[in-house]
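Residues per chain, in single letters:
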Amino acid sequence: MSVEQSPILEKNSYDPGWFHSRDVSEIVDYLKVDLAGLSSEDLERRRELFGENTLPQARGRSWIERLAAQFHNVLIYVLVAAAALTTWLGHFVDAGVIAGVVVINAIIGFLQEGKAEKSLESIRNLMSEDAVVIRDGKRASIPATELVVGDIVVLQPGDKVPADLRLLSCRGLQIQEAALTGESVPADKSVNAVATDAALGDRTCMAYSSTIVARGQGKGAVSAVGTMTEIGRVKGLLQSVQSLETPLTRQLAQFGRTLTLVILALAAATLLFGVVFHGSSLVDMFLAAVGLAVAAIPEGLPAIVTITLAIGVERMAKRNAIIRRLPAVETLGAVSCICSDKTGTFTRNEMMVQSIATSAHLFTVTGSGYAPEGALLLDGAPVEPDHRPLLHQLAVAGTLCNDAEISLRDGARFIEGDPMEGAMLVAAEKAGLDHVEQRCEHRRLDEIPFDSEHRFMATLNLDEDEKSIVYVKGAPERLLEMSARQISYLGEEPLDLAYWEDRMAAMAARGERVLALAVRDNAPGLRSLSFDDVETDLSLLGLFGFIDPPRPEAIEAVARCQKASIDVKMITGDHVETAKAIGAQLGLDRPAAALSGSQLDHVSDDVLRETVEDVDIYARTSPEGKLRIVRALQANNRVVAMTGDGVNDAPALKQADVGVSMGLRGTEAAKEAGEMVLADDNFASIAAAVEEGRTVYDNLIKSIQFILPTNGGEAMIIVAAVLFGITLPITPVQILWVNMITAVTLALALAFEAPESNVMDRPPRDPDAPILSGSLYWRIAFVSLIIVTGVFLLFIHQIDIGMPVATARTMAVNTLVLFEVFYLFNVRRNRLTHYTDHFGAASRPAWIAVAIVMAAQIAYTHTPVLNTLFGSTPIGLADWGLCVLVASSVFILVEIEKAVRHRRQG
């Protein structure tokens, strides 16, 4: 494209998306720049066209809007109505308790809101603060916000790239792009154009905003600023992603609507029945209907939900999963698919040498990461490196043609420098070499640093006899071009090109990154290095194969997830073969059916919905690709957990039902976009969090199974009294007493229950299944019938034998509370019917809750103050025994019902 045709003056037609596929000369013409930089006259015109190099922040909801939204919930409406009714009845303390529950829930939700706004703000802060530019032929440091398209930017090690750049020149330039591409090692850069459809991680002639210069120098022309950059594009994706409701919030909303309708209908029917059939006064029946509503409304349920989730948060924190948003705790229990990054999550993020190839053999290196423990194997048997001169010579070369260092911090080993160079030092240790000693004995005289254009590094060292020797390390294809010979046990021999290509192919098929080493020892008197000294006439020593090995605990965690019917999918910025090899080691179901980012880009959304279920590995994936994968899974009614650490992961993290960001190496943008942060960046912690999530949901259901039947029993007592036209066995104020002491004690004890033994042996629950299932409706009716029958018959019996109403009501209240105590042990285990498990193995919180409730009931029965407030009266020991006998029936009957139901279900 000629300068005259350049659309640089038209922002709407300007597209930096093809810069990587054009030569430097064409880019310079297109942008109308040269290496002397822009002139002052050009700056303002370009700034007017493209704006400042900033990411504007979208307006979020005000704090008032966020606070008001917390009250927009049907169940909250029911609680507000309950508070109003109890206030109207004159029970101000109880009304205050209910109102307090509403306010506490609103505050917790308010503090957890604002995720999207924080995500955008954190990305905005990723923009570099300063930039070194060349303008009017002079170098200057300016705020990065003042950069314009066409500016010439100078890059040095440690710099944060201030905008998207098309590289014009570079020497040994490597840029850490993990935040954008997910690539675990710094990317080598050059000025050469690449294919138009090259993936983001393969655009070696580009430098992208917010990435870090690892080594080398370079100059580049600004191709995009602000929202036009790749970071800006990710921000646009984030804005397009709507925050999702969790399965729990959907279910609670549906539950609240259903419960509201049932309570109102039942109260209205009771009022009409009493007035029409018994001729009761409208005022009396209205008070009875109010009492029924108070009995039926689960005042403590929102508090129980919040506390149960909070307990789950605490448990998960102990297992290295930090929850940022309470509902995510429960959502984890519904997860049916986990999409995970590879590097550092499935793997250790520590490169290691896995194989070493010489002209005669292929050695396997055992061990893990940077630990020096391990051995060298040949055909599965350990070898002595001292007896393998080729192996020894190759290890020496890998130690000397190497700039990495091994350091110790807090007892752990760290690599300072390139991870693959560090892995070579560790491999040398396993071969019995001390790299510090080797470097002292073989002093380095000169070097040619790694250059992405030449794709090799060379060092000039002195051997034991003070003779010069040249070592060269680099891309195997490049070193094969530079080598005329190979080193064998017999000395030097002609290069066997086919042999080395076969070795390289086999190593690449195992997902290994391959480096070659060569030597030139016929360099007498050489004291400095030039490219002419190493371009030809080298002798190939061998190959190193590197891999970031999977964590052993991640392999176990994948197996646990698969047993729990949770699909695991790897979405990585790494190369396809590497991803497939790691996938096979992890035990993913379909490692061979991998899909690359370029293939993904050519698949329609409809086709992807079908394909996504059969593909477990996605490599070289763009931010849009990750987002499409998550959406495709969700379109198939999957509950998706997505892990990530980079800015490129933020849109998919926000879209996922549970976004899981990395705590050790994650960017702030990723952390703010996710609901959960992994403190150890370990996939095994995700599996542990899923187990805790399932346990949390189980405990929530247990709490609901406890609260609703007991509330239902209380309500049915009033209904039965109205139906039969007799005195209420329990007054509304006494029902409030029962609800107050049992909802926050007995029901709360269930939040502490440990996981049931089969929690990870069953498939994920259906996220669309209502909380009020058919079995729960049956349980409500069954337990309510037991409670109302027992309380009603006991009350009538006491009246018939001449007991005062106050005494009969006191025994009725105590029996009702004891019914709930016994029923607590029924609910503790939904899938077990062994009596010993219910009582003998009961958790400490359950027994503490029972003790508190019984102490309260004794006070209720025998304390004059509470006698006056609630109309109770002291009773004798025999009366207490009768209450216990009647109440124990619920435990026996429910256990029989559970056994019959489980036998029918198989």
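As shown above, the structure is provided for reference.
Overview of the structure. (Residues numbered from 1 in each chain as written. Predicted model: local features only at pLDDT ≥ 70, side-chain atom pairs only at ≥ 80, totals over all residues. Heavy atoms only, no water.)

When the terminal C-alpha atoms of helix α22 (residues 623-635) are compared, their 18 Å separation across 13 residues agrees well with the 18 Å that a helix rising 1.5 Å per residue should span. Taken as a whole, α22 has its buried residues at Pro623, Gly625, Lys626, Leu627, Ile629, Val630, Ala632, Leu633 and Gln634. Taken from the residues just after α22, Asn637 is the one with a positive phi, measuring 65°. (Helix = DSSP H or I, 4+ residues; strand = E, 2+ residues; numbered from the N terminus. Expected span 1.5 Å × (residues − 1). Buried < 20%, exposed > 50% of the residue type's maximum accessible area, 1.4 Å probe, protein only.)

This next bit is on the packing of helix α25 (residues 683-724) against helix α28 (residues 774-800). In the contact formed by α25 and α28, the axes pass within 7 Å of each other and the chain directions differ by 50°. The angle between α25 and α28 falls in the class oblique. Note that α25 runs across α28; the crossing there is right-handed. Residue-level inspection shows Ile704, Gln705, Leu708, Pro709, Thr710, Gly712, Gly713, Met716, Ile717, Ala720, Ala721 and Phe724 of α25 in contact with α28, the latter providing Leu776, Arg779, Ile780, Val783, Ser784, Ile787, Val788, Val791 and Phe792. (Axes fitted to C-alpha atoms, helices over the stretch in contact; angles between N-to-C directions. Parallel < 35°, antiparallel > 145°, perpendicular 65-115°, else oblique. Left-handed = near helix turned anticlockwise from the far one by under 90°. Contact = heavy atoms within 4.5 Å.)

For the rest of this paragraph, the subject is the sheet that holds strand β27 (residues 658-662). On the basis of which strands lie adjacent, the open sheet formed by 8 strands has the order β8-β28-β27-β26-β9-β23-β25-β24 and mixed pairing. Of all the strands in the sheet, just β8 (321-323) and β24 (594-596) have a single pairing partner and so form its edges. Taken pair by pair, the neighbouring strands of this sheet meet at an average axis angle of 20°, ignoring direction. As defined by bridge partners, β24 adjoins strand β25 (residues 617-619) across 3 bridges and the pair is classed as parallel. Its bridge partner lying in β25, Ala594 is registered against Ile617. Relative to the sheet, α22 contacts β9 (337-340), β23 (567-572), β25 and β26 (640-644), its axis offset from that of β26 by approximately 165°. (Pairing = 2+ DSSP bridges.)

What follows covers the packing of helix α29 (residues 805-827) against helix α33 (residues 877-887). The geometry of α29 relative to α33 is characterised by a closest axis approach of 8 Å and an angle of 45° between their N-to-C directions. Here α33 runs oblique to α29, going by the angle between their axes. Crossing handedness for the pair α29 and α33: right-handed. Here Met811, Asn814, Thr815, Leu818, Phe819 and Phe822 of α29 come into contact with α33, specifically with Asp879, Trp880, Leu882, Cys883, Val884, Val886 and Ala887.

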